[in-house]
Amino acid sequence: MPDPAVRLPDPAVEARLARLDEVLAGLESAPGPAAREALESVTLLTEVYGEALARVLDHADERQRERLADDELLGHLLVLHAIHPESADARAARAVERLRPAVRERGGDLEWAGVEGRVARVRVSTGGGCGSGCGSGSADVTAVVRAAVLAAAPELEAVEPVTDERRAAPAFVPLTTLTRRTAQQPQETR
């Protein structure tokens, strides 16, 4: 049994998860009852571990729940078992806020706009005064935001950029202003 004081570093965890994906994919495509039973064993074990994790959360106070949820691996497991203490909206908003300083360093900005149905909405603007949606810089930022939001809240189906209508809409000029200016201009003589 491994020493409980020694923890796997994140790259080792990622390598094990990648290998697990490979093994499960092989089992899913393998014929026969042994493969089906192996997959059923994994499913049952996952359900039991999910229940155990839920019980840990039941015994944790608010501060402990937050610390558990903030751990990347535990946070993913809490999402996997649908027991994460934060809503998908809150997790996605936090993912956007974590990216915001890097985007601001490059002259852009991000703003969380909320969730509509199962779609996250994020206002994305890039530097250079081009607004939200010009050039590949905006597309790159949008792709990074999409990946971060869906990693934090995989139960969401999509992430869509929101344009700021206030910037896109033409300025409103009342008709009376135009007609007053015309009336005040001196008449040309012929």
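See the structure shown above.
Calculation notes
Residues numbered from 1 in each chain as written. Predicted model: local features only at pLDDT ≥ 70, side-chain atom pairs only at ≥ 80, totals over all residues. Heavy atoms only, no water. Salt bridge = Lys/Arg side-chain N within 4 Å of Asp/Glu carboxyl O. Helix = DSSP H or I, 4+ residues; strand = E, 2+ residues; numbered from the N terminus. Buried < 20%, exposed > 50% of the residue type's maximum accessible area, 1.4 Å probe, protein only. Core = buried A, V, L, I, M, F, W, Y, C linked by side-chain atoms within 4.5 Å. Pairing = 2+ DSSP bridges. Axes fitted to C-alpha atoms, helices over the stretch in contact; angles between N-to-C directions. Contact = heavy atoms within 4.5 Å. Expected span 1.5 Å × (residues − 1). Patch = residues over 30% accessible without salt bridge, like charges linked within 9 Å, V, L, I, M, F, W, Y side chains within 5 Å. Areas by Shrake-Rupley, 256 points an atom, 1.4 Å probe, with all protein chains shown as cover. Lys, Arg positive; Asp, Glu negative; His and termini not counted. Charge placed at Lys NZ, Arg CZ, Asp CG, Glu CD. Parallel < 35°, antiparallel > 145°, perpendicular 65-115°, else oblique. Left-handed = near helix turned anticlockwise from the far one by under 90°. Nonpolar A, V, L, I, M, F, W, Y, C, P; charged D, E, K, R; others polar.

Peer 1: Account for the pattern of salt bridges, naming residues and giving values.
Peer 2: The full count for this structure, using the stated rule, is 13 salt bridges. Put simply, Arg100 and Glu97 hold a salt bridge, and the shortest N to O gap is 3.7 Å. Here Glu97 and Arg100 lie together in helix α5 (residues 88-105), a separation of three residues that amounts to about one turn. Classification of Arg100 by relative accessible area gives buried; the value is 18%. Between Asp109 and Arg100 there is a salt bridge, and its shortest N-O distance comes to 2.9 Å. Judged by its relative accessible area of 22%, Asp109 falls in the partly exposed class. Through salt bridges that share partners, Glu97, Arg100, Arg104 and Asp109 make up one connected network.

Peer 1: How would you summarise the nonpolar core if you had to cite specific residues and measurements?
Peer 2: Membership of the largest hydrophobic core comes to 17 residues, with the highest contact counts inside it found for Val96, Leu110, Trp112, Val122, Val145, Val149 and Leu156. Elements that contribute at least two residues to this core include exactly α5, β1 (109-116), β2 (119-125) and α6 (135-152). The biggest single contributor to this core is α5, with six residues.

Peer 1: So what about the sheet that holds β1? Which residues, and what values?
Peer 2: Ordered by their spatial adjacency, three strands build an open sheet running β1-β2-β3, and the pairing between neighbours is mixed. Each having just a single partner strand, β1 and β3 (158-162) make up the two edges of the open sheet. Looking at each pair of strands side by side, their axes are set apart by 30° on average, direction ignored. Two strands pair when backbone bridges link them, and β1 and β2 are joined in this way by seven bridges, in the antiparallel orientation. Its bridge partner being in β2, Leu110 is matched across the sheet by Val124. The sheet contacts of α5 involve β1 and β2, and relative to β1 the element is tilted by about 165°.

Peer 1: Tell me what's going on with helix α2 (residues 33-59), and back it up with residues and numbers.
Peer 2: Here α2 spans 39 Å end to end across 27 residues, near enough to the 39 Å set by a 1.5 Å rise per residue. Taken residue by residue, α2 has Ala35, Gly50, Leu53, Ala54 and Leu57 as its buried positions.

Peer 1: Describe unusual backbone geometry, listing the residues and the values that go with them.
Peer 2: One non-glycine residue, Ala82, adopts positive backbone phi at about 55°. Looking at the secondary structure, you find Ala82 in the loop between α4 (72-80) and α5. The exposure class assigned to Ala82 is exposed, which follows from its relative accessible area of 69%.

Peer 1: Tell me about a negative patch on the surface, and name the residues and values.
Peer 2: Side chains of Asp10, Glu14, Asp71 and Glu72 sit close together on the surface and give a patch of like negative charge. With respect to the helices and strands, Glu72 occurs in helix α4.

Peer 1: An account of the packing of helix α1 (residues 10-29) against α2 is requested, with residue identities and associated values reported.
Peer 2: In the contact formed by α1 and α2, the axes pass within 8 Å of each other and the chain directions differ by 135°. Classed by the angle they form, the pair α1 and α2 counts as oblique. Classified by chirality, the crossing of α2 by α1 is left-handed. Along its contact with α1, which presents Leu24, Leu27 and Glu28, the element α2 presents Ala35, Ala38, Leu39 and Val42. Counted by class, the contact of α1 with α2 contains six nonpolar, no polar and one charged residues.

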